[in-house]
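Chain and residue survey
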Amino acid sequence: MIRLIIFIGIVLALDFYALQSLRSATKNPWVTAMYIVCSFIILGNIIYQSINLDRYSGINQGFYTAFALFVLFYVPKLVLIISMFGEDVFRLFEAIFNKITAEPPSSAAFFKGRRKIIGQLALGVAALPFLSILYGITKGKYNFKVLKYTLFFEDLPLEFDGYKITQISDIHSGSFDKKEKIEYAIDLINEQASDVIMFTGDLVNSKTSEMEPWKALFSKLRAKDGIFSVLGNHDYGDYMRWPSEEDKTKNFQDMLKLQKEMGFQLLLNTSKFIEKKEARIAIIGVENWGKGFKQKGDLKQATSQISKDDFKIVLSHDPSHWEYEITKDEMHYHLTLSGHTHGMQFGIEIPGLIKWSPIKWRYKYWAGVYKQAGQYLNVNRGFGFLAFPGRVGIWPEITVITLKKGKQEVK
């Protein structure tokens, strides 16, 4: 409750400043009235949803909607505040300079006109994130992209030259609200006609039952060598209160059963081999291991039946596992597939020019392909979305990786 009170105090202070900035750009009383009413409704709604959040049933669509509206209206306000704050700082230094040098103050009319122009420009700039976030909420969260990579390995068995892997991650089925969009994505995955599909965790948000309405759809996924999966941090039921420990245990058992019923081969700190003639590659699945998150992943246990000479693909939900353990292990793991970060569902990506998201300040490896000590990591940007029901600039991803025998490079 104390944190909520602090949050309300900060938001109200920002709202007051943003209102003054808005009034410098326009004196229209209807605009001011609409601003106050909208701010009251949006802030009041998210406070109501937060207070009435049922930790026993998981986060519901009401909270997601309230959070989406809050982000939609308050991010542009921050842009407006930052823009006008610069003008106020300039005004302060101008006043100090005039005081020290005994210069006559600037014309009040000139200052008022300058502030109005800057305010109007700030409103124009603030409209850009508003439109971007609005698109992300309505369209962007289902703007599925197929990203294709070709990875070369000198020690790849010849029989697996050209082998295709489709990776999906972070389904977060509890957030879905449009069946036709998920049907489209399932068809898109199957259209890749990959040899194998690999899912790298977070099937749900809070509880296994969230996946039940979508079970039949994801059961339509097809690949010649099957579908392998691992658990993510959200798949253990740790993010909600359970009436009893027995209920939480049952939820986890339901998760294991559900994945089997969908045709997913769930790897819990174990491994499987895919064989072609006399050759094979090892698929190693570890439970969640994350820096600052649940660490049930046991790489030693998962590779107990693996030889150093095997070509190895690791499924590990959190990319920090690759950074802190996998690359430092005595085994050589050729390719690790991860997810978890979602690319924060917000950022800017222009192929060949820029790839940026605030998540880079939390995760060194957060999206795309990385290479270290001859070992590759792909961090999938996620299939679904969590908390904020949208994506801005970082789109939902279906990854297709083709393995090639030859000199190591990526293209």
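Every chain is numbered on its own, with residues counted from 1 as its sequence reads. The predicted origin of the model limits local features to residues at a pLDDT of at least 70 and limits the giving and counting of side-chain atom pairs to 80 or more, whereas totals for whole chains, interfaces and linings rest on all residues. Computation of side-chain values covers all heavy atoms of the structure but excludes hydrogens and water.

Overview of the overall build of the protein chain
Counted only if it meets this: Under the DSSP-based scheme used, a helix requires at least four consecutive residues in state H or I and a strand at least two consecutive residues in state E, with every element numbered from the N terminus. Relative accessibility under 20% of the residue-type maximum defines a buried residue, over 50% an exposed one, and the middle range a partly exposed one, all with a 1.4 Å probe and only protein chains included. We call two residues in contact when some of their heavy atoms are within 4.5 Å.
Helices and strands together make up the secondary structure of the protein chain, namely nine helices and 14 strands. The buried share of the protein chain, taken over its 411 residues, is 50%. Sequence separation of 24 or more characterises 77% of the internal contacts of the protein chain that already satisfy a separation of 6 or more.

Remarks on the sheet that holds strand 1 (residues 145–153)
Here is the rule: A strand pair is defined by DSSP finding two or more bridges across the two strands. Only C-alpha atoms enter the line fits that serve as axes; for helices the fit covers just the stretch in contact. Angles between N-to-C directions range over 0 to 180 degrees.
As summarised here, the arrangement of the six strands in space is 1-14-2-3-4-5, forming an open sheet in which the pairing is mixed. Two strands in the sheet have a free side with no partner beyond their single neighbour: strand 1 and strand 5 (264–266). Strand-to-strand twist of the sheet, defined as the mean angle between neighbouring strand axes without regard to direction, takes the value 25°. Pairing of strand 2 (residues 163–168) with strand 14 (residues 397–405) involves five bridges; the strand directions are antiparallel.

Things to note about the sheet that holds strand 13 (residues 375–379)
What the six strands build is an open sheet, ordered 6-7-8-9-13-12; its pairing is mixed. Of all the strands in the sheet, the pair left with one neighbour each is strand 6 (270–276) and strand 12 (368–372). Averaged over all adjacent pairs, the angle separating strand axes in this sheet is 20°, with direction ignored. Examined bridge by bridge, strand 6 and strand 7 (residues 279–285) share seven bridges and lie antiparallel to one another. Pairing of Lys-272 across the sheet is with Ile-283, part of strand 7.

Here's the deal with the packing of aromatic side chains
Convention followed: Pairing of aromatic rings covers Phe, Tyr and Trp, the last through its six-membered ring, and needs centres within 6.5 Å; plane angles under 30 degrees mean stacked, over 60 mean edge-to-face, and all others mean tilted. Put simply, a charge is over a ring when the Lys NZ or the Arg CZ is close to the ring centre, within 6 Å, and near the line of the ring normal, within 35 degrees.
Considering all chains together, one arrives at 21 aromatic pairs under this definition. Seen from their ring centres, Phe-176 and Trp-214 are 5.2 Å apart, and the 85° between their planes marks the pair as edge-to-face. One end of the pair, Phe-176, is in the loop between strand 2 and helix 5 (179–191); the other, Trp-214, is in the loop between strand 3 (196–199) and helix 6 (215–218), with 38 residues separating them in the sequence. The class of Phe-176 is buried, set by a relative accessible area of 6%. Joined through ring pairs, the aromatic side chains of Tyr-142, Phe-144, Phe-176, Trp-214, Phe-218, Phe-383 and Phe-385 make up one cluster. Over the face of the ring belonging to Tyr-236 we find Lys-294, whose NZ or CZ atom lies 4.9 Å from the ring centre. For the cation-ring pair, Lys-355 lies above Trp-366, with the distance from its terminal atom to the ring centre recorded as 5.4 Å.

Quick notes on the environment of Leu-268
By the secondary structure assignment, Leu-268 is in the loop between strand 5 and strand 6. A relative accessible area of 28% places Leu-268 in the partly exposed class. Taking the C-alpha atoms as reference points, Leu-268 and Ser-229, 39 residues apart in sequence, are found 8.9 Å from one another. If we skip the residues at most four places from it in the chain, Leu-268 touches Leu-231, Leu-256, Gly-285, Glu-287 and Gln-301.

Some words on the side chain of His-321
Checked against the element boundaries, His-321 lands in helix 9 (residues 319–324). Assessed through its relative accessible area of 0%, His-321 is described here as buried. Residues contacting His-321, with those up to four places away along its chain left out, are Val-286, Trp-289, Ser-316 and Ile-326.

Some details on helix 5
Selection criterion: One less than the residue count of a helix, multiplied by 1.5 Å, gives the span that helix is expected to have. Throughout, the arc means that of the directions going from the helix axis to the C-beta atoms.
If you check helix 5, its first and last C-alpha atoms are 18 Å apart, about what 13 residues at 1.5 Å a residue would give, namely 18 Å. Along helix 5, the residues classified as buried are Ile-182, Ala-185, Ile-186, Leu-188 and Ile-189. Down the axis of helix 5, the buried set is contained in an arc of 160°. They therefore lie on one face. On the buried face of helix 5, the contacting elements are strand 1, strand 2, strand 3, helix 6 and strand 14. Positive phi appears at Ala-193, one or two residues downstream of helix 5, with a value of about 50°.

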